[in-house]
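# Coordinate analysis (summary)
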Amino acid sequence: MMLGVLAVFVVFFILENFVFKRSFENSQSKVDRYILIFVILRNILVLLNLIPGIQILGMLIGFFAVWLYMPLYIILITVRFSQTKKV
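Quick look at the structure, then. (Residues numbered from 1 in each chain as written. Predicted model: local features only at pLDDT ≥ 70, side-chain atom pairs only at ≥ 80, totals over all residues. Heavy atoms only, no water.)

This part takes up the pattern of salt bridges. Tallied over the entire structure, the rule returns two salt bridges. Among the ionic pairs, Asp 32 bridges to Arg 80, the shortest N-O distance being 2.4 Å. Residue Asp 32 is found in helix 2 (residues 32-50), and its partner Arg 80 is found in helix 3 (residues 55-83); the two are separated by 48 residues along the sequence. Asp 32 sits in the partly exposed class, given a relative accessible area of 31%. Arg 80 sits in the buried class, given a relative accessible area of 3%. (Salt bridge = Lys/Arg side-chain N within 4 Å of Asp/Glu carboxyl O. Helix = DSSP H or I, 4+ residues; strand = E, 2+ residues; numbered from the N terminus. Buried < 20%, exposed > 50% of the residue type's maximum accessible area, 1.4 Å probe, protein only.)

Time to look at the layout of surface pockets. Of the pockets and cavities examined, the largest pocket occupies roughly 550 Å³. If you trace the largest pocket, you find 26 residues lining it, with Arg 42, Leu 45, Gly 62, Val 66 and Tyr 69 closest to the centre. Looking at which element gives the most residues to the lining of the largest pocket, the answer is helix 3, with twelve residues. A class-by-class count of the residues in the lining of the largest pocket yields 21 nonpolar, four polar and one charged. Size it by volume and the second largest pocket reaches roughly 210 Å³. (1 Å grid on protein atoms, 1.4 Å probe; cavity = no way out; pocket = protein on both sides within 12 Å on 5 of 7 lines; lining within 4 Å. Points joined across faces, edges and corners; volume = space filled by probe spheres on them. Nonpolar A, V, L, I, M, F, W, Y, C, P; charged D, E, K, R; others polar.)

So, about the packing of aromatic side chains. The full count for this structure, using the stated rule, is seven aromatic pairs. Summarising the aromatic geometry, the rings of Phe 12 and Tyr 69 are spaced 6.4 Å apart at their centres and angled 80° between planes, so their arrangement reads as edge-to-face. Taken as a pair, Phe 12 in helix 1 (residues 2-24) and Tyr 69 in helix 3 lie far apart in primary sequence, 57 residues in all. Using a relative accessible area of 13% as the deciding quantity, one classes Tyr 69 as buried. A ring pair is formed by Phe 24 and Phe 81, whose centres lie 4.8 Å apart and whose planes are at 50°; its orientation type is tilted. Of this pair, Phe 24 sits in helix 1 while Phe 81 sits in helix 3; the two residues are 57 residues apart in sequence, bridging distant segments of the chain. Accessibility expressed as a relative area gives 16% for Phe 24, which makes it buried. The class of Phe 81 is partly exposed, set by a relative accessible area of 40%. One aromatic cluster is present, formed by Phe 12, Phe 38, Tyr 69 and Tyr 73 through successive ring pairs. Positioned above the aromatic ring of Tyr 34 is the side chain of Arg 33, whose terminal nitrogen or guanidinium carbon lies 5.7 Å from the ring centre. (Phe/Tyr/Trp six-rings, centres within 6.5 Å; stacked < 30°, edge-to-face > 60°. Lys NZ or Arg CZ within 6 Å of the ring centre and 35° of its normal.)

These figures capture arrangement, not role.
Here is the structure:
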């Protein structure tokens, strides 16, 4: 279970730090604040899944939240690409 959570986190880390960073590095958008909130929530959920005593809570939250999180995250990133303003 912990390796699965870590693998998903690594995928997001690579996407955000190597793929999206190049596109968003010198730009501004109105959705940046919301993307930051989503990233913070995801990181908290990953921590809940890595702490042995709280894994069940993290797993339950993750199972139910992923159905809402992933579509909204994809929409925000898509909007971010379309609203990117070069500084």
